[in-house]
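Listed here are the chains, written in short residue letters.
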Amino acid sequence: MDLGLRGKTAVITGASVGIGLAIAEGLAAEGTDLVLAARGGERLEAEAAHIAEKHGVSATAVVADVATAAGTEAIIAAAAEKGGADILINNAGTGSNETVMEAPDEKWQAYWDLHVMAAVRLARGIAPQMKRRGGGVILHNASICAVQPLWYEPIYNVSKSALMMFSKTLSTELIPDNIRVNCVNAGLILTPDWIKTAKQLTAETGGNWEGYLQSVANEHAASKRFGTPEELANVFVFLSSERASYCIGSTYFVDGGMLKTI
Ligand code: NDP
């Protein structure tokens, strides 16, 4: 299936590792030029150079913290320098671990800035570029936790839920400009961060980190396995394409059967 993505330009946040990197690879394989953002420059620049060479696309690395206005401005400017973006993937984010009773205001604010304000600011800056180019696609990487919480991470649950509602609300505002906005809620996706956590948690009890990850999958996912970043990236790539032209204002679950409701 030709997805028609050759020659488009995509902005991807959190693109140096894990899911964001897999989406970058997936879009580059379709011939899409990239603007890739993360805070850590060394890893990001190495991945951008690798992707550009492997797929024959241009890949610009922007070292930026998306939780700040200055960071999102740098990303918007980099996209403008390429003539504007057609696709925006709001992917940067991270889990949390706290109780509502103990977490300070500052922690709530930091996750609000990372998961919600980054998407707000990037939409304000990049949607006008898309409009000038005749339309575009904005995708939000929320989480199954937006609707089915894990109790150890209330701030993550709440801020991802807000991102999902932001996505829905934005979709109605932007569809008159031919900009399709959607949200993706993933379940368990095996990124390096999960492996690092599993190794830490099992270090003092024999180091069976793979067994630990299997127990997490057994407990949560009907499929009894983690998904790969590539399995999730495939859905982002499809939703980025004209083949998904009637997908507007929805949330798509990619969770190996983890969602317990209909
Ligand atoms: P990783 O921790 O593997 O990667 C996160 C990426 O985001 C890195 O490139 C990181 O680079 C970047 N990043 C983090 N904070 C910022 C910031 N403030 N500004 C700019 N870049 C930032 O995460 P995953 O790939 O596992 O997750 C990606 C997204 O998918 C997240 O939003 C997560 O909530 C969501 N998700 C993940 C699931 C999973 O099971 N893995 C399941 C459901 C949703 P750097 O640190 O250098 O900035």
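Residues numbered from 1 in each chain as written. Predicted model: local features only at pLDDT ≥ 70, side-chain atom pairs only at ≥ 80, totals over all residues. Heavy atoms only, no water.

S.K.: I would appreciate a short explanation of the domain arrangement of the chain in the present structure.
M.R.: Interfaces are frequently sized by the accessible area removed from exposure as the parts join. Taken domain by domain, the chain consists of domain 1 (9-189 + 229-254) and domain 2 (190-226). The gap between the C-alpha centroids of domain 1 and domain 2 is 26 Å. Across the interface of domain 1 and domain 2, roughly 730 Å² is buried in total on both sides, 64% from carbon and sulfur atoms. It is Leu-188, Ile-189 and Glu-231 that lose the most area in domain 1 upon contact with domain 2, and together they represent 66% of the buried surface on that side. Counting across the domain 1 and domain 2 interface gives 2 residue pairs in polar contact (both at pLDDT 80 or more). Elements with a contribution of two residues or more to the side of domain 1 that touches domain 2: α1 (18-29) and α8 (229-240). Taken together, the residues of the side of domain 1 that touches domain 2 break down into 6 nonpolar, 1 polar and 1 charged. (Domains from an automatic or database assignment. Buried area = accessible area lost by both parts, 1.4 Å probe. Polar contact = N/O pair within 3.5 Å; in protein donor to acceptor, adjacent residues only side chain to side chain. Helix = DSSP H or I, 4+ residues; strand = E, 2+ residues; numbered from the N terminus. Nonpolar A, V, L, I, M, F, W, Y, C, P; charged D, E, K, R; others polar.)

S.K.: Where do I start with the packing of aromatic side chains in this structure?
M.R.: What characterises a pair of aromatic rings is the spacing of the ring centres plus the angle enclosed by the ring planes. Evaluated as defined, the whole model comprises 1 aromatic pair. Relative to Phe-226, the ring of Trp-194 has its centre 5.1 Å away and its plane inclined at 80°; by these criteria the two rings are edge-to-face. Placement of the pair is Trp-194 in helix α6 (residues 192-202) and Phe-226 in the loop between α7 (209-220) and α8, with a sequence separation of 32 residues. Under the relative-accessibility criterion, Trp-194 is labelled partly exposed at 24%. Using a relative accessible area of 11% as the deciding quantity, one classes Phe-226 as buried. Across from the ring centre of Trp-209, 4.9 Å away, lies the NZ or CZ of Lys-199, which sits over that ring. (Phe/Tyr/Trp six-rings, centres within 6.5 Å; stacked < 30°, edge-to-face > 60°. Buried < 20%, exposed > 50% of the residue type's maximum accessible area, 1.4 Å probe, protein only. Lys NZ or Arg CZ within 6 Å of the ring centre and 35° of its normal.)

S.K.: Just to check I follow, could you spell out the sheet that holds strand β4 (residues 87-90) for this structure?
M.R.: As a general point, the strands of a sheet are linked pairwise by backbone hydrogen bonds and lie either parallel or antiparallel. Taken together, 7 strands build an open sheet; the order of strands is β3-β2-β1-β4-β5-β6-β7 and the sheet is parallel. Edge positions in the open sheet fall to β3 (59-63) and β7 (251-254), since each of these has one partner strand only. Put simply, the sheet's adjacent strands are angled 15° from each other on average, direction ignored. Alignment of strand β1 (residues 9-13) against strand β2 (residues 33-38), held across 5 bridges, turns out to be parallel. If you follow Thr-13 over to β2, its bridge partner there is Ala-37. Here helix α5 (residues 154-174) sits on the sheet in contact with β5 (136-141), β6 (179-186) and β7, set at roughly 160° to β6. (Pairing = 2+ DSSP bridges. Axes fitted to C-alpha atoms, helices over the stretch in contact; angles between N-to-C directions. Contact = heavy atoms within 4.5 Å.)

S.K.: How do you make sense of the pattern of salt bridges when you look at a structure like this?
M.R.: Applying the stated rule across the entire model yields 5 salt bridges. In this structure, Lys-107 engages Glu-98 in a salt bridge whose closest nitrogen and oxygen atoms are separated by 2.8 Å. The partly exposed category is assigned to Lys-107, whose relative accessible area is 24%. Put simply, Asp-177 and Lys-131 hold a salt bridge, and the shortest N to O gap is 3.8 Å. Of this pair, Asp-177 sits in the loop between α5 and β6 while Lys-131 is found in helix α4 (residues 105-132), placing the two residues 46 residues apart along the sequence. Residue classification places Asp-177 among the partly exposed positions, given a relative accessible area of 24%. What makes Lys-131 exposed here is its relative accessible area of 51%. (Salt bridge = Lys/Arg side-chain N within 4 Å of Asp/Glu carboxyl O.)

S.K.: I would appreciate a short explanation of a nonpolar patch on the surface in the present structure.
M.R.: Together, Ile-175, Tyr-246 and Ile-248 make up an exposed nonpolar region whose accessible area comes to about 330 Å². Within the secondary structure, Tyr-246 is located in the loop between α8 and β7. (Patch = residues over 30% accessible without salt bridge, like charges linked within 9 Å, V, L, I, M, F, W, Y side chains within 5 Å. Areas by Shrake-Rupley, 256 points an atom, 1.4 Å probe, with all protein chains shown as cover.)

S.K.: Sorry, what's going on with the packing of α1 against helix α2 (residues 41-55) here?
M.R.: In helix packing, the relevant descriptors are the interaxial angle and the interaxial distance, both defined with respect to the helix axes. Put simply, α1 and α2 touch, their axes get as near as 10 Å, and they point 25° apart. Taken together, α1 and α2 sit at an angle that is classed as roughly parallel. Relative to α2, α1 is oriented so that their crossing is right-handed. Facing Leu-21, Ala-24, Glu-25, Ala-28 and Ala-29 of α1, the residues of α2 in contact are Glu-47, His-50, Ile-51, Lys-54 and His-55. Considering only residue class, the contact of α1 with α2 consists of 5 nonpolar, 2 polar and 3 charged. (Parallel < 35°, antiparallel > 145°, perpendicular 65-115°, else oblique. Left-handed = near helix turned anticlockwise from the far one by under 90°.)

S.K.: Can you walk me through the pairing of β2 in this structure?
M.R.: Remember that side chains alternate between the two faces of the sheet whenever the strand is regular. Among the 6 residues in β2, 5 count as buried, and that is most of the element. Traced from β1 through α1 to β2, the parallel crossover comes out right-handed. Bridge count for β2 against β3 is 5 bridges, and the pairing is parallel. Note on β3: the bridge partner recorded for Leu-34 is Ala-59. (Right-handed = clockwise from strand over helix to strand, strands pointing away.)

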